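# Fold and geometry: a report
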Amino acid sequence: MKARPTNMLARIYLGLVLAFLYLPILVMAAMSFNSSQFYMLPIDWTFDWYVKLAHNTRLLESTRNSLLVALATTVIASVLGTAASIAFFRYDFRFKKVLQAALFPPIAIPWLITGTAMLLFFFWSGIGRGLHAMILGHVALALPYVIIVVSARIKGFDPDLEAAARSLGANPWQVIRHVTLPYLAPGFIAGALFAFAVSFDQFVISYFLSVPGVSTLPVEIYTAIKKGFTPEINAISTLVIAFSITLLVIVSRFYRFGGDR
Amino acid sequence: MASVTVSHVNKSFGEFQALDDVSIEFADGGFYALLGPSGSGKTTLLRQIAGFSFPDSGEILIGGEAVESLPVEKRNIGMMFQNYALFPNMSVFDNVAFGLMVRSTPKPEIKARVGEALELVRLSGYDERKPHQLSGGQRQRVALARAIVFRPRVLLLDEPLSALDKALRLGMQVELKRIQREVGITTIFVTHDQEEALTLSDKVGVLKDGKLLQEGPPRELYERPATAFAATFLGDANLFEGDVDDGELALSDGTRLRATAPLTGVGKATCAVRPEKMAIAEEGEPPLADHNLLEAELQEIIFAGNSLSYLLRRNDIHLRVFAQNRATAELQPGQRVRLTWRVADTIPVEA
Ligand SMILES: Nc1ncnc2c1ncn2[C@@H]1O[C@H](COP(=O)(O)OP(=O)(O)OP(=O)(O)O)[C@@H](O)[C@H]1O
Ligand SMILES: [Mg+2]
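Basis of the calculations
Residues numbered from 1 in each chain as written. Chains lettered and ligands numbered in written order. Predicted model: local features only at pLDDT ≥ 70, side-chain atom pairs only at ≥ 80, totals over all residues. Heavy atoms only, no water. UniProt positions renumbered as here; feature names shortened; annotations may be inferred. Contact = heavy atoms within 4.5 Å. Buried area = accessible area lost by both parts, 1.4 Å probe. Salt bridge = Lys/Arg side-chain N within 4 Å of Asp/Glu carboxyl O. Polar contact = N/O pair within 3.5 Å; in protein donor to acceptor, adjacent residues only side chain to side chain. Helix = DSSP H or I, 4+ residues; strand = E, 2+ residues; numbered from the N terminus. Nonpolar A, V, L, I, M, F, W, Y, C, P; charged D, E, K, R; others polar. Pairing = 2+ DSSP bridges. Axes fitted to C-alpha atoms, helices over the stretch in contact; angles between N-to-C directions.

An unreviewed UniProt entry annotates chain B as Spermidine/putrescine import ATP-binding protein PotA of Salinicola lusitanus. What UniProt records for chain B under Subunit (unreviewed entry) is the sentence "The complex is composed of two ATP-binding proteins (PotA), two transmembrane proteins (PotB and PotC) and a solute-binding protein (PotD)."

Chain A is annotated in an unreviewed UniProt entry as ABC transporter permease of Salinicola lusitanus. According to UniProt, the comment filed for chain A under the heading Sequence similarities (unreviewed entry) is "Belongs to the binding-protein-dependent transport system permease family. CysTW subfamily." Taken directly from UniProt, the Subcellular location (unreviewed entry) text for chain A runs: "Cell membrane".

Below you can see the structure in the form of structure tokens.
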């Protein structure tokens, strides 16, 4: 039973939680439109910071890098993670339990430590630093999330659905296309979203693995803040948030289309 | 349409033998019920026929052709799963259309045939619903429509009515039988419900421990069970054990019973008698020539509205007699009564 929060206390509580979550973001978004660099009120509306941002090649380039790394991570981690989830579901093999258990510790290990380890390992093995190293690192970070999310979806799959499709005359390819994939789609998309978010959000590991001149947005923002804060940062952050929200809305609609009950 | 022949099929899972030299002939256009206790291999047998799994040895023919190298999707078999296995992301229409869609049937024909099939199961107008928006009985009918719409040669039904309540179940039984007759598909039907098996099918097979114990028309199976197990699994039966003596069954207390035919062989033998074939003789009624007679102590009378069950005991044998609830002489528990039944209803069975 889900009850609506009807009494006053519950409403206040809900308001506080929402304020806690969204107020900083709203303030930041508002300030990206304020001509005063020192947050003077009332707001004097302007697009100046966005115009400035359009000329800030470092921020733009790092945004492009971030998107590139995140997309690559998403594609690689989703494909590998989904394949692994299917293997976990469908086959019995030696050390399966061990492998499954081994998925969780990386999530719990602080990123700072994982990042240090990766830096050392990549240096030692000659992989080096740069975008390719970041992609490798991000894929490793995102894989457990993808596997856990996709596996949760697969677990609910009734193998009789595939058997039924085959008995109705579907060849293996048709079974995958019409039955298996549509069922897995929501899990797959959720997993991909996780992978994207893990990579796009990633600071520590990107910071360790970036080379001068080639970094991602979070690293660049950090560097910029260290040098001295400008509302351009507010502007790019606001754009990123708008992008994320749009993505989430699209995905949530697709989620329903994907056949989830 | 096609007949299905299962010939000397064996199937083991590790050490466990799930099917043990099973041979059955499913006639073209027939309605065949498979009956047996849980774990007796019914589903396993269906899965071999459908092609989801393959026999260790033996052969399966569909329409006279060996199907060993024919994958499931080429066997042209409609299988209705116990849990219906409807595709959750598809509408009722798309579920039913699936078998036609994968065969690249032209769109207008798909529309016409799905419409027909939904009408057959009385679900016209439900095209756009998703499976989770249907009741159990409706889902089941969708599963049935989906299994028959592409005109398979054989229909396999694995306990298709087991999840329904009594009323829905009876309705669906009639529907199932009507559809099967209209379409004329060879149908193999697994059930736990002996009454369902007896009323629906032209032929019944009883499986136990992976072996086919007996098969035949329902009436024959009921009237002439070959084994004590078949007699008690399919209906109720009183079992008498004794020694063969001069063609008759001699019980340990000396009572002699005659069977349908003089018993052959020597040593131990068992006879089964259906409880509704026995009657309690009236006081002073003379014994009839072609009847067996047995004295027993009445222990309990169970009242069930239109019928009565008498529970009786004779030494260490417990007996059960069914009777119509007619006004007859008042009987009291503890009373000694005489049971009579026709010699022709005393069936020798394998223990
Ligand atoms: N894949 C399998 N691996 C191992 N054993 C199996 C497998 N499938 C079935 N069995 C065993 O084979 C036996 C027959 O199983 P089957 O499913 O055919 O029984 P059933 O007659 O359909 O029973 P029920 O009426 O309970 O559905 C059972 O003892 C079961 O445990
Ligand atoms: Mg079964």
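### Remarks on the interface of chain B and chain A
Contacts between chain B and chain A engage 23 residues on the former and 21 residues on the latter. Taking both sides of the interface into account, the surface hidden between chain B and chain A amounts to around 1,900 Å²; carbon and sulfur atoms contribute 65%. Summed over the shared surface of chain B and chain A, the number is one salt bridge. Among the ionic pairs, R166(A) bridges to E73(B), the shortest N-O distance being 3.2 Å. At the junction of chain B with chain A, the criterion picks out four residue pairs in polar contact (both at pLDDT 80 or more). Secondary-structure elements contributing two or more residues to the side of chain B that touches chain A are helix 2 (72-75), strand 6 (77-80), helix 3 (92-101) and helix 5 (136-148) of chain B. Class assignment of the residues belonging to the side of chain B that touches chain A gives a composition of 16 nonpolar, four polar and three charged.

### Concerning the side chain of S53(B)
Inspection of the secondary structure assignment puts S53(B) in the loop between helix 1 (42-50) and strand 4 (57-62). Of the polar contacts made by the side chain of S53(B), one reaches the side chain of Q48(B); its length is 3.1 Å.

### A few points about the sheet that holds strand 9 (residues 203-208) of chain B
Residue and element names in this part refer to chain B. Spatially, the six strands line up as an open sheet ordered 6-7-8-3-9-10, and their pairing is mixed. Two strands bound the open sheet, and with one partner strand each, they are strand 6 and strand 10 (211-216). For this sheet, the mean inter-axis angle between neighbouring strands, taken without regard to orientation, is 15°. Alignment of strand 6 against strand 7 (residues 154-158), held across four bridges, turns out to be parallel. The residue bridging I77 from the neighbouring strand is V154, located in strand 7. Contacting strand 6 and strand 7, helix 5 crosses the sheet at an angle of about 170° to strand 6.

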